[in-house]
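# Analysis of the macromolecular model
Listed below, chain by chain, are the residues.
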Amino acid sequence: MKKLFWKIIGRPSSLQEDILQRFGISEKFFLEYKKQQSGLDWTKGNWEDFLGSMNPVSQMYVAFALSTVLRGRDMFSLLDSYSCIRHRKRYLDIGTAYAGFLRAFKEQGFEEVVGIELQEHLANLGRANMDGLDNARVILGDFLREDYSSLGVFDVVTCNDVIEHVDDAAAAIRKMCSMVGAEGCLALEVPNKDCIDFVRSDGHYQIFGITQLGRNDAADYYSQALGADRSDYLFEMGEMYELDWYIEQLSNNGLTVMIADTHRIARIQDVPTLLDKLRQAREDWRVNVQPRMDRLVVAKLTNAVDAYIQELERDISQAKDEASIKRFEDKYLRSFWTILAIKGRRYAAEDLEHAYDGNVGSVQKFEAGTLEKDTQQSITKQMIQTRESLSLKLARPLRFLKGFVHSPRRSFYKLLDFLRAEMRRNG
Ligand SMILES: C[S@@+](CC[C@H](N)C(=O)[O-])C[C@H]1O[C@@H](n2cnc3c(N)ncnc32)[C@H](O)[C@@H]1O
């Protein structure tokens, strides 16, 4: 009866319906994900309660997985706003996992979309997400080691949150660049090892300072800090590089590069507060973690973090004009870099003018001086807010109009939901 009532008034009657409506994933994907994540509490009646039933780390992973299509739509909008997309024929997503990016690009009229994914359970999820789409496929394989030249070249290639996991990033970038067609573009999203919040607590393991160590030292630290197997780290993670390194690799492969204005965590005036937090995290680490670590690892970590702080203090003292402030903020105050690279052409000044205005990325609702206490919670919150706000800003009005033609009642309630959410958000 209750279900029927909600159906009549067009509101989600179950967790499944709520998730499908919010996230735009296929039903087959939902069912496969539910099967794979059987430890979660799927008895909850809606998304908010479901999310609330998890710890912050699970929240982050679940929100990341389920938001796959929304994140893909954001990527499309971002590339489009920088006039990166010339043709909508062929799209390739490397390390596609849940393959929502493929769904999102299909929605935008791409003729053929292809994803490559290393892990079988994720490739299965990705394939489930291709349900109902033509010319859309996920290939199970290792992008780095297998020969994909028979796939030809693509109008758009993306590699989102993947490159830090491969063990030869330079080779991977070379290969990606070779798969970008004439006038095509490549978008790389990379976690920023120098983001001050990630030095305080990194995005993969939530431990202090690890992003400042090279791969082998990081593996030692990881195994001692978490009591885990060192080889797990080496399997999971590659080397993390500086921003200039990525720019150089792409330029050396003949692409014109720019850093999109995304994922800003703060502005330069917030740095003293962020530095205080970093120092506090270091003190907590000294008391709680250091005692169970060997001296060599402790020395390496403290040296690396000291060097980081010194460099940051030097850079901030030199950040006087607009260009050097931008450079400082790109280096220390973005949690991820979205690096856009185009082949065979240059960015036009007007493309950059019309591109996002600095409020886009994972910190959609950022306001200077309102930094979150907990990085993980803040990232999850930001991710959810971003998906909401970006979709609303760009894609949702159109979808709403389309939806209105098909189902006015449902659209009316969606509009009510949206207004309510906006009112809540704006207090
Ligand atoms: C953090 S996930 C990001 C997934 C997806 N791009 C997204 O943004 O939702 C990284 C993915 O890259 C995949 N991956 C890592 N190395 C790979 C390789 N050499 N070839 C193909 N996929 C790879 C992993 O299996 C994992 O699914």
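If you're wondering where the values come from, they're calculated on a predicted model, not measured in any experiment. (Residues numbered from 1 in each chain as written. Predicted model: local features only at pLDDT ≥ 70, side-chain atom pairs only at ≥ 80, totals over all residues.)

## Some points on the overall build of the protein chain
Helix and strand counts for the protein chain stand at 19 helices and 7 strands. Counting only residues that meet the buried cut, the protein chain has 37% of its 427 residues in that class. (Helix = DSSP H or I, 4+ residues; strand = E, 2+ residues; numbered from the N terminus. Buried ≥ 20, exposed ≤ 12 C-beta atoms within 10 Å, placed from the backbone.)

## Let's talk about the environment of Asn252
Looking at the secondary structure, you find Asn252 in helix H13 (residues 243-252). By the C-beta count within 10 Å, which is 12 here, Asn252 ends up exposed. Along the chain, Asn252 and Cys177 lie 75 residues apart, while their C-alpha atoms are 9.9 Å from each other.

## A few points about the environment of His165
Note that His165 resides in the loop between strand E4 (154-160) and helix H9 (169-178). Spatially, the C-alpha atom of His165 lies 5.9 Å from that of Glu236, the residues being 71 residues apart in sequence. Those residues in contact with His165 that sit more than four places away from it in its chain are Glu236, Met237 and Gly238. (Contact = placed C-beta atoms within 7 Å.)

## A closer look at the pairing of E4
With 7 of its 7 residues buried, E4 lies for the most part within the structure. Pairing between strand E1 (residues 90-94) and E4: 3 bridges, direction parallel. Bridge pairing in E4 places Asp93 opposite Thr158. Each parallel crossover has a hand, and for E4 linked through H9 to strand E5 (residues 180-191) it is right-handed. (Pairing = 2+ DSSP bridges. Right-handed = clockwise from strand over helix to strand, strands pointing away.)

## Structural notes on the nonpolar core
Membership of the largest hydrophobic core comes to 66 residues, with the highest contact counts inside it found for Leu79, Val157, Cys185, Leu186 and Leu340. If we skip the residues at most four places from it in the chain, Leu79 touches Cys84, Ile85, Val156, Cys185, Ala187 and Leu340. Ranked by size, the runner-up nonpolar core spans 22 residues in total, among them Phe198, Val199, Ala219 and Val271. (Core = buried A, V, L, I, M, F, W, Y, C linked by C-beta atoms within 7 Å.)

## What to know about the packing of helix H11 (residues 215-226) against helix H15 (residues 295-318)
Viewed as axis vectors pointing N to C, H11 and H15 meet at an angle of 120 degrees, and their least axial separation amounts to 10 Å. Here H11 and H15 pass one another in a crossing that is left-handed. For the pair formed by H11 and H15, the contact residues are Asp217, Asp220, Tyr221 and Gln224 on the first element and Val297, Lys300 and Leu301 on the second. Taken together, the residues of the contact of H11 with H15 break down into 3 nonpolar, 1 polar and 3 charged. (Axes fitted to C-alpha atoms, helices over the stretch in contact; angles between N-to-C directions. Left-handed = near helix turned anticlockwise from the far one by under 90°. Nonpolar A, V, L, I, M, F, W, Y, C, P; charged D, E, K, R; others polar.)

## Looking at the sheet that holds strand E3 (residues 136-140)
Taken in spatial order, the 7 strands of this open sheet run E3-E2-E1-E4-E5-E7-E6, and their pairing is mixed. The sheet terminates laterally at E3 and strand E6 (255-259), the two strands that pair on one side only. Across the sheet, the mean angle from the axis of one strand to that of its neighbour is 15 degrees, orientation sign disregarded. In this sheet, E5 lies alongside E4 in parallel orientation, the contact comprising 6 bridges. Paired with Phe154 across the strands is Val180, a residue of E5. Sitting on the sheet, H9 is in contact with E1, E4, E5 and E6, with an inclination near 150 degrees to E5.

## Focus: the site of the ligand
Surveying the vicinity of the ligand reveals 18 residues, the closest of which are Gly95, Ala97, Leu118, Phe143 and Asn160. For the shell around the ligand, the residue count by class is 9 nonpolar, 6 polar and 3 charged. (Near = placed C-beta within 6 Å.)

## Some remarks on helix H8 (residues 120-129)
Of all 10 residues in H8, 7 are buried, a share of seventy percent or more. Within the sequence span of H8, burial applies to Leu122, Ala123, Leu125, Gly126, Arg127, Ala128 and Asn129. Residues of H8 that are buried sit in contact with helix H3 (27-36), helix H7 (100-107), strand E2 (112-117) and E3.

## A short note on the packing of H15 against helix H16 (residues 322-332)
Between H15 and H16, the shortest axis-to-axis distance is 9 Å and the interhelical angle comes to 155 degrees. On the basis of their axis angle, the class for H15 and H16 is roughly antiparallel. Relative to H16, the crossing made by H15 is left-handed. Contacts between H15 and H16 involve Leu312, Asp315, Ile316 and Gln318 on the former and, on the latter, Ser324, Phe328, Lys331 and Tyr332. (Parallel < 35°, antiparallel > 145°, perpendicular 65-115°, else oblique.)

## Focus: unusual backbone geometry
Of note, Asp161 is a non-glycine position whose phi angle comes to about 55 degrees, a positive value. Tracing the backbone shows Asp161 in the loop between E4 and H9. Within the chain, His263 stands out as a residue other than glycine whose phi angle is a positive 55 degrees. You can see His263 is positioned in the loop between E6 and helix H14 (271-288). Judged by the 23 C-beta atoms lying within 10 Å of it, His263 falls in the buried class.

## Comments concerning the environment of Tyr98
Along the chain, Tyr98 falls in the loop between E1 and H7. Measuring from C-alpha to C-alpha, the distance between Tyr98 and Leu125 comes to 5.6 Å, with 27 residues separating the pair along the chain. Ignoring sequence-local partners within four residues, the contact set of Tyr98 consists of Ala65, Thr68, Leu122, Leu125, Gly126 and Asn129.

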